[in-house]
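Reading the structure
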Amino acid sequence: MARILIIDDNAQLREMLNLTLVQAGHEVTEAGTGEMGVKLYKNKPADVVIVDILMPEKGGLETILELKRDFPNAKIIGISGGFQKKTDENKTLAELLGVERTLSKPFAPQELLKNIREVLGE
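These remarks concern the structure in this document. What you are looking at is a predicted structure, and each value in this text was computed from that prediction instead of being measured. (Residues numbered from 1 in each chain as written. Predicted model: local features only at pLDDT ≥ 70, side-chain atom pairs only at ≥ 80, totals over all residues. Heavy atoms only, no water.)

1. Details of the side chain of Arg14
The following threshold applies: Helix numbering and strand numbering both begin at the N terminus, where a helix is a DSSP run of H or I of at least 4 residues and a strand a DSSP run of E of at least 2. Each residue is placed in one exposure class: buried if its accessible area under a 1.4 Å probe, protein chains only, is under 20% of its type's maximum, exposed if it is over 50%, and partly exposed if it falls in between. Contact definition: two residues touch when any of their heavy atoms are within 4.5 Å.
Mapped onto the fold, Arg14 is located in helix α1 (residues 11-23). A residue is classified by how much of its surface remains accessible, and Arg14, at 14% relative accessible area, is buried. Not counting chain neighbours up to four residues away, the residues in contact with Arg14 comprise Ile6, Asp8, Asp9, Glu30, Ala31 and Gly32.

2. A word on helix α6 (residues 109-120)
Heads up, the condition is: Take the number of residues in a helix, subtract one, and multiply by 1.5 Å to get its expected span. Picture the helix axis, draw a direction to every C-beta atom, and the arc is the one those directions span.
Counted at 1.5 Å a residue, the expected span for α6 with its twelve residues is 16 Å, and the 17 Å between its end C-alpha atoms agrees. Those residues of α6 lying buried are Leu112, Leu113, Asn115, Ile116 and Val119. One side of α6 holds all its buried residues, which, seen down the axis, span an arc of 160 degrees. Here the buried face of α6 lies against β1 (3-7), α1, β3 (48-52), β4 (76-80) and β5 (101-104).

3. Points about the pattern of salt bridges
Put simply, the rule reads: For salt bridges, the criterion is a side-chain nitrogen of Lys or Arg within 4 Å of an Asp or Glu carboxyl oxygen.
Within the structure shown, the criterion is met by eleven salt bridges. Measuring nitrogen to oxygen at the nearest pair gives 3.2 Å for the salt bridge that ties Arg14 to Glu30. Residue Arg14 is found in helix α1, and its partner Glu30 is found in strand β2 (residues 27-31); the two are separated by 16 residues along the sequence. According to the relative accessible area criterion, Glu30 is partly exposed, its value standing at 30%. When the shortest N-O distance is used, the salt bridge between Glu118 and Arg101 registers 3.0 Å. In this pair, Glu118 is assigned in helix α6 and Arg101 in strand β5, connecting sequence segments 17 residues apart. Accessibility expressed as a relative area gives 33% for Glu118, which makes it partly exposed. We classify Arg101 as partly exposed; its relative accessible area is 27%. Because the salt bridges share partners, they merge into one network encompassing Lys42, Lys58, Glu66, Arg69 and Asp70.

Pasting the structure below:
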């Protein structure tokens, strides 16, 4: 069982991801903003962080940058529907910032779980 932190401004997506992850045996914490996600991570680091790349206010790239700056070993999966709609610039930036994986929305629950196992080295 891993501790997973979901940072996404879409409440319905967070709920769906939470359900999938809990059913797979993980402990899940959710944040609707990048700022809240960083705060939660600082209080109780997660084994894996799932970050939406395109969010209002503190965006996903800023969130990833802050997490990787303060916690270089943080394991992060970047997710976004934006990867499909525009160039891969944000995906490339996320990878340069050190995310372990990037997933384009929509993705199958099995794909997310597989990526989490890989990031955890299972």
